[in-house]
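Descriptive analysis of the structure
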Amino acid sequence: MNMTEQRASGRSSGRNERIDGPRIRREKTTVRHMISMYCKIKHPSAGMDNELCPECRKLADYALNRLTYCRFGEDKSSCRNCEVHCYAPDYQQRIREVMRFAGMRMLWRHPWLTLRHMADERQGRK
């Protein structure tokens, strides 16, 4: 498979290659919603006008950047099941906290995203 075919299929061959396939876009949307939900409830004074507090904005930017350049591309497993943890330890702890908080709440606010995320996690893609 040449480089053009890899890009078209959503597979990454290098660490610095941008990935923007349907799976990555869906995961980015899910992460954005989870962080937004967390911030609105945990940091209510900072979340005016649907904006994130600086701390949550930094976490969202970091998470979205990691998804954009995921080495597994469209074939990635869920981050929980990934064999390569690309988050720095402090961000990894923060995103776990966000996901633990927002996980069940997502089922009520964004059921389709939640079901798709659960299906991706069960498939255990590699």
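Our structure's up above, just so we're on the same page.
Keep in mind the model is a prediction, meaning the values are calculated, not measured.

**Side note on the nonpolar core**
I35 and C56 are the most contacted members of the largest nonpolar core, which has 24 residues in total. Elements that contribute at least two residues to this core include exactly helix 2 (22-42), helix 3 (54-68) and helix 4 (89-109). Counting residues per element, this core draws most heavily on helix 2, which supplies 7 residues. For I35, the residues in contact, after removing those within four places along its chain, are L52, C56, L59, A60, I95 and V98.

**Some points on the environment of E97**
When you line up the elements, E97 lands in helix 4. Note: C-alpha distance between E97 and I35 (62 residues apart in sequence) is 10.0 Å.

**Some remarks on the packing of aromatic side chains**
Working definition: an aromatic ring pair is given by the centre-to-centre distance plus the angle between the planes. Inspection of every chain in the model, using the stated rule, returns 3 aromatic pairs. Aromatic pair Y38 and F101: ring centres 5.5 Å apart, planes at 85°, arrangement edge-to-face. Taken as a pair, Y38 in helix 2 and F101 in helix 4 lie far apart in primary sequence, 63 residues in all. Classification of Y38 as buried rests on a relative accessible area of 9%. With a relative accessible area of 13%, F101 lands in the buried category. A ring pair is formed by Y62 and Y91, whose centres lie 3.8 Å apart and whose planes are at 10°; its orientation type is stacked.

**Observations regarding the packing of helix 2 against helix 5 (residues 111-123)**
At their nearest, the axes of helix 2 and helix 5 sit 10 Å apart, and the two run at 120° to each other. Classified by the angle their axes make, helix 2 and helix 5 are oblique. For the crossing formed where helix 2 meets helix 5, the hand is left-handed. Where helix 2 approaches helix 5, its residues R23, R26, T29, T30 and H33 are matched on the opposing element by L113, R116 and D120.

Cut-off values and rules
Residues numbered from 1 in each chain as written. Predicted model: local features only at pLDDT ≥ 70, side-chain atom pairs only at ≥ 80, totals over all residues. Heavy atoms only, no water. Core = buried A, V, L, I, M, F, W, Y, C linked by side-chain atoms within 4.5 Å. Buried < 20%, exposed > 50% of the residue type's maximum accessible area, 1.4 Å probe, protein only. Helix = DSSP H or I, 4+ residues; strand = E, 2+ residues; numbered from the N terminus. Contact = heavy atoms within 4.5 Å. Phe/Tyr/Trp six-rings, centres within 6.5 Å; stacked < 30°, edge-to-face > 60°. Axes fitted to C-alpha atoms, helices over the stretch in contact; angles between N-to-C directions. Parallel < 35°, antiparallel > 145°, perpendicular 65-115°, else oblique. Left-handed = near helix turned anticlockwise from the far one by under 90°.

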